[in-house]
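The residues making up each chain are set out below.
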Amino acid sequence: MKYVLGIDLGTSSVKAVLVNDAGDVSAEATAAYPLIQEESGYSEQDPDEWVKGTLLAVRSVMSESGVAAERVEGMSFSGQMHGLVLLDRDRKVIRNAILWNDTRTTAQCRTIEQVLGDRLLTITRNPALEGFTLPKLLWVKEHEPELYARADVFVLPKDYLRYRLTGQIAMDLSDAAGTLLLDVGAKRWSAEICEALGVDSAVCPPLVESSDEVGTITAQVAEQTGLSPATKVFAGGADNACGAIGAGILGGEATMCSIGTSGVVLSYETDGSADYGGRVHFFNHGQKDAFYAMGVTLAAGYSLQWFRETFAPAVAFDSLLAPLGDTSPGAKGLLFTPYLAGERTPHADAVIRGSFVGMDGAHELGHFTRAVVEGITYSLRESVDILRASGKRVSSITSIGGGAKNEHWLQLQADVFGAEVVKLTTEQGPAMGAAMLAAVGCGWFGSLAECAERFIRPAKTFQPNAERQKQYDELYSVYCDVYAATRPLNERLAKFR
Ligand SMILES: Nc1ncnc2c1ncn2[C@@H]1O[C@H](COP(=O)(O)OP(=O)(O)O)[C@@H](O)[C@H]1O
Ligand SMILES: O=C(CO)[C@@H](O)[C@H](O)COP(=O)(O)O
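Residues numbered from 1 in each chain as written. Chains lettered and ligands numbered in written order. Predicted model: local features only at pLDDT ≥ 70, side-chain atom pairs only at ≥ 80, totals over all residues. Heavy atoms only, no water.

A.B. asks: Outline the overall build of the protein chain, supporting the account with residue identities and numerical values.
C.D. replies: When helices and strands are counted, the protein chain shows 17 helices and 23 strands. Taken against the 2.2 N^0.38 rule, which gives 23 Å for 497 residues, the C-alpha radius of gyration of the protein chain at 21 Å falls within 12% of a compact globule. Across its three principal directions, the C-alpha atoms of the protein chain cover 60 × 50 × 45 Å. Approximately 18,300 Å² of the protein chain is accessible, and the part contributed by carbon and sulfur atoms is 48%. If the 44 positive side-chain charges of the protein chain are averaged to one point and the 61 negative ones to another, these points end up 0 Å apart. (Helix = DSSP H or I, 4+ residues; strand = E, 2+ residues; numbered from the N terminus. Rg over C-alpha atoms; globule rule 2.2 N^0.38 Å. Areas by Shrake-Rupley, 256 points an atom, 1.4 Å probe, with all protein chains shown as cover. Lys, Arg positive; Asp, Glu negative; His and termini not counted. Charge placed at Lys NZ, Arg CZ, Asp CG, Glu CD.)

Written as structure tokens, this is what we have:
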């Protein structure tokens, strides 16, 4: 039997899955690392932690599975998007990575808009959002000029990891699309944007396709992990592109919901012509020449993780979510908005923060938990609604990520979205997507679609319940009003953060 390895460099942890040519997961392992949040709105990580965690996770799947090194033919990567990793001439990391959920760059976003006007949307297909890479690059240039002057190249999180494993610097198109420096349709760095914003285009790394073979692992990494030095390495892609591959979002009107640290509703696009006017992100897919549109909730799984750590640290996620089975929609009149880190879709807003609305002396931990889960799901419904308003049907949604582990939440998604929700045999969509890129790269299959037929297996389907759907429609309309009602209050509170 032969194997491939998929690595997903998430925000909360790195996941490694070892998959055989029948598509079975033979072993999986994760290693967590912390977020560094020195100020409100700041979110960083130490890239060295990613490498340490990955080596640990890979070593663990190799020893747990007992698979001989030479049987692992290839590996590939999925990674949290947009995070800025600056490297000097010796390829040393210059500062902590500034992550996708860091919102310190509002001023830089306004500059980008002023300088580029309509050209920004025409070229990059996206608006200037704090989470994207270009505003981070400009922030470092402005606030840490001595560090910026040392930068020889910038990469994204999984590109840095790949570099440390292979010694090769590259960035794939699906991740480059989230930098705001890529001409998304033409699939090349935009010289116009670089020049207009005073970014030397030499800092942009070489571009590759997600499926491209970029080398083999170094002898040292082979020794540290138990892999063979002949293991072929394929570029991989943005976690949402890989999640889409791992969820089989490879054609037609297929839609995915991913609840990791962020939350994403993503829909396949056959060509680059769709025009959402910047209301959702529009990026290159990991499947060659395809695209996808997606809406993003900044703090989806993160809201639940924050809630657990703050109010029920001793309670495991499964126990915490158990009351979802016996409390009713609306959590007895308690409503939560998940704006812990600001928001992206539909409110691109770094100032807004979350709220609990309607607290009552009768509310217990279970009601608060339910309100948090419902609030996250309403936020994702706002993205579903944008896709529907553009003419998409969105009748079936494949759900992946940590949030897809809980069946009560999957049923709640079906009821809130008013769509069938499909759970797969593994919720590790992005890691599975990376493994699929490696499987196709190794020549096991002619295409990702062919690979998907073998590798992707629905485990269970959740149908919306008509009565609950009606109740959720009413609750959702209240949720939608909380943003405007709390926006001015957050504006006044911002200086106290
Ligand atoms: N058993 C569970 N049930 C429901 N949600 C869970 C469970 N375990 C983890 N989660 C949620 O999944 C999130 C992590 O998902 P994951 O896909 O690993 O994120 P990332 O890729 O960002 O590291 C956590 O923040 C938490 O909210
Ligand atoms: O910023 C985005 C997408 O634009 C996020 O989706 C990140 O890519 C992080 O993903 P997770 O760690 O939540 O999977």
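Once you've had a look at it, read on.
A.B. asks: So what's going on with the UniProt feature "binding site: substrate" (unreviewed entry) in the protein chain? Residues and values would help.
C.D. replies: According to UniProt, the positions carrying the feature "binding site: substrate" (unreviewed entry) are Met 81 and His 82. Of the annotated set, the members that line the largest pocket are Met 81 and His 82. Mapping Met 81 onto the fold places it in the loop between strand 5 (72-79) and strand 6 (85-87). Those residues in contact with Met 81 that sit more than four places away from it in its chain are Trp 100, Ser 174, Asp 175, Ala 238, Asp 239, Asn 240, Phe 283, Tyr 292 and Met 294. Considering the arrangement of structural elements, one finds His 82 in the loop between strand 5 and strand 6. (UniProt positions renumbered as here; feature names shortened; annotations may be inferred. 1 Å grid on protein atoms, 1.4 Å probe; cavity = no way out; pocket = protein on both sides within 12 Å on 5 of 7 lines; lining within 4 Å. Contact = heavy atoms within 4.5 Å.)

A.B. asks: Talk me through the packing of aromatic side chains; I want residue IDs and the actual numbers.
C.D. replies: For the structure shown, the criterion picks out 19 aromatic pairs. Consider the rings of Phe 282 and Phe 291, whose centres lie 5.6 Å apart with planes at 15°: the pair is stacked. For the pair Phe 282 and Phe 291, a shared accessibility class is recorded, and that class is buried. Taken together, Trp 306, Phe 307, Phe 311, Phe 336, Phe 356 and Phe 368 form an aromatic cluster joined through their ring pairs. When the ring centre of Tyr 42 is taken as reference, the NZ or CZ atom of Arg 104 above it lies at 3.6 Å. Sitting over the face of the ring of Trp 139, Arg 104 holds its NZ or CZ atom 4.5 Å from the ring centroid. (Phe/Tyr/Trp six-rings, centres within 6.5 Å; stacked < 30°, edge-to-face > 60°. Buried < 20%, exposed > 50% of the residue type's maximum accessible area, 1.4 Å probe, protein only. Lys NZ or Arg CZ within 6 Å of the ring centre and 35° of its normal.)

A.B. asks: Explain the site of ligand 2 residue by residue, including any values.
C.D. replies: Near ligand 2, the surroundings consist of 15 residues, among which Thr 11, His 82, Asp 239, Ser 262 and Arg 344 are the closest. Within the contact set of ligand 2, an oxygen atom lies 3.0 Å away from a backbone nitrogen or oxygen of Met 81. In this structure, Ser 262 approaches ligand 2 through a main-chain N or O atom, which is 2.7 Å from an oxygen atom. Calculation on ligand 2 without its partners gives an accessible area of 370 Å², and the protein chains cover 95% of this total. Of all elements in the fold, only helix 10 (239-246) and strand 18 (291-297) reach the threshold of two or more residues within the shell around ligand 2. Split by residue class, the shell around ligand 2 holds 5 nonpolar, 8 polar and 2 charged. (Near = heavy atom within 4 Å. Polar contact = N/O pair within 3.5 Å; in protein donor to acceptor, adjacent residues only side chain to side chain. Nonpolar A, V, L, I, M, F, W, Y, C, P; charged D, E, K, R; others polar.)

A.B. asks: Can you explain the sheet that holds strand 18? Please cite residues and give values.
C.D. replies: Reading across from one edge, 17-18-16-15-21-22-23 is the order of the 7 strands in this open sheet, with mixed pairing throughout. Looking at strand neighbours, the two that pair on one side only are strand 17 (281-284) and strand 23 (458-462), the edges of this open sheet. The average undirected angle you get between the axes of adjacent strands in this sheet is 30°. Pairing of strand 15 (residues 255-259) with strand 16 (residues 263-269) involves 5 bridges; the strand directions are antiparallel. Note on strand 16: the bridge partner recorded for Met 256 is Leu 266. (Pairing = 2+ DSSP bridges. Axes fitted to C-alpha atoms, helices over the stretch in contact; angles between N-to-C directions.)

A.B. asks: How would you explain the state of the cysteines if you had to name every residue and give the values?
C.D. replies: All told, the structure shown has 0 disulfides when counted by the stated rule. The thiol sulfur of Cys 194 is not disulfide-bonded, and the nearest other cysteine sulfur, from Cys 204, lies at 4.1 Å. Distance from the sulfur of Cys 442, which forms no disulfide, to the nearest cysteine sulfur (Cys 451) is 10 Å. (Disulfide = S-S within 2.5 Å.)

A.B. asks: Describe the packing of helix 2 (residues 106-116) against helix 4 (residues 133-143), and please don't skip the residues or the numbers.
C.D. replies: Contact geometry of helix 2 with helix 4 gives a least axis separation of 9 Å together with a crossing angle of 110°. Taken together, the axis directions place helix 2 and helix 4 in an arrangement best described as roughly perpendicular. Residues Gln 108, Cys 109 and Ile 112 of helix 2 form the contact with helix 4, whose own contacting residues are Leu 134, Pro 135, Leu 138, Trp 139, Glu 142 and His 143. Residue composition of the contact of helix 2 with helix 4, by class: 6 nonpolar, 2 polar and 1 charged. (Parallel < 35°, antiparallel > 145°, perpendicular 65-115°, else oblique.)

A.B. asks: Kindly report on the layout of surface pockets, identifying the contributing residues and their values.
C.D. replies: The volume enclosed by the largest pocket comes to roughly 900 Å³. When residues of the lining of the largest pocket are traced back to their parent elements, those giving at least two are strand 2 (13-20), helix 10, strand 15, strand 18, helix 11 (301-311) and helix 12 (317-321). (Points joined across faces, edges and corners; volume = space filled by probe spheres on them.)

A.B. asks: Tell me about the pattern of salt bridges, and please be specific about residues and values.
C.D. replies: Following the criterion strictly, the structure yields 24 salt bridges and no others. In this structure, the salt-bridge partner of Glu 113 is Arg 110, at a minimum N-O distance of 2.9 Å. Taken together, the positions of Glu 113 and Arg 110, both in helix 2 and 3 residues apart, correspond to about one turn of that helix. Glu 113 sits in the partly exposed class, given a relative accessible area of 33%. When the shortest N-O distance is used, the salt bridge between Lys 187 and Asp 289 registers 2.6 Å. In this pair, Lys 187 is assigned in the loop between strand 10 (182-183) and strand 11 (188-189) and Asp 289 in the loop between strand 17 and strand 18, connecting sequence segments 102 residues apart. (Salt bridge = Lys/Arg side-chain N within 4 Å of Asp/Glu carboxyl O.)

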